[in-house]
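# An overview of the molecular structure
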Amino acid sequence: TLKASKPQVQRKNAVLMGEKTKGHKRHIVTDTMGNLLAVVVHAANIHYTKAGIIAAKRAVEKYPSIQRFCADAGYRKTFEKDVAELLGLSVDISKRITSEWQALPKRWVVERTLAWMNNSRRLSKDYEISILSSQAMCMISALRVLISRF
């Protein structure tokens with residue numbers, strides 16, 4: 001659970017693909033089966049390498065048995081350095097996708113989890129104003145996916 005004294009409303013204009021838009025980015029940490037371990041939502045104008053460490057810290061605080069992280073190429077350099085310095089763990093960066101199809105191990109676990117979560121109507125678009133409510137909806141959606149497996 002996340003606790004805060006009052007809701008943090010954060011609506012900033014961010015530049016996404018050359019356009020001014022309002023939005024959020026979601027960073028999630030999953031296990032190898034796709035179960036949600038940590039989620040961080042923030043304004044879309046913060047880069048992956050700088051914001052990904054927040055999700056990694058939350059995951060390690062909750063689950064200290066984590067030994068390493070796997071991430072895609074968007075999290076290289078600064079994220080790798082921060083995880084090594086602050087958490088003492090290593091990061092495996094998956095290769096970039098080439099023109100021919102290849103099965104890359106563990107590459108699509110997080111993308112698959114995000115796709116499952118986006119089946120929830122409130123996560124399919126950026127409906128939430130509050131960052132805390134957006135994080136809560138991510139957790140509720142992940143819980144729905146987990147319950148539907150049984």
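See above for the structure.
Read on for a plain summary of the structure. What you see as residue numbers is a count from 1 along each chain, following the sequence as written. Selection of residues for local features in this predicted model requires a pLDDT of at least 70, selection of side-chain atom pairs for listing and counting requires 80 or more, and totals for whole chains, interfaces and linings are taken over all residues. The basis for the side-chain values is all heavy atoms of the structure; hydrogens and waters are excluded.

### Observations concerning the nonpolar core
Threshold: The criterion is simple. A nonpolar core is a set of buried Ala, Val, Leu, Ile, Met, Phe, Trp, Tyr and Cys residues joined through side-chain atoms within 4.5 Å. Three labels apply to residues, based on accessible area from a 1.4 Å probe with only protein chains included: buried if under 20% of the type maximum, exposed if over 50%, partly exposed otherwise in between. Strands are runs of DSSP state E lasting at least 2 residues, helices are runs of H or I lasting at least 4, and numbering of each runs from the N terminus.
Counting 17 residues, the largest nonpolar core has V29, F69, F79 and V83 as its most contacted members. For this core, the elements supplying multiple residues, two or more each, are β4 (36-43), α1 (48-62), β5 (68-71) and α2 (78-87). The biggest single contributor to this core is α1, with five residues.

### Digging into the pairing of β5
As a reminder, the rule being used: By the convention used here, strands pair only if DSSP detects at least 2 bridges between them. By convention, orient the strands away from the viewer: a clockwise path from the first strand over the helix to the second makes the crossover right-handed.
Side chains F69 and A71 project from β5 onto a buried face, and the interleaved R68 and C70 project onto a face without burial. Pairing analysis gives four bridges linking β5 to strand β6 (residues 90-93), with the strands arranged parallel. Following the sheet pairing, F69 is matched in β6 by V91. Taking the sense of rotation as the criterion, the β-α-β connection linking β5, α2 and β6 turns out right-handed.

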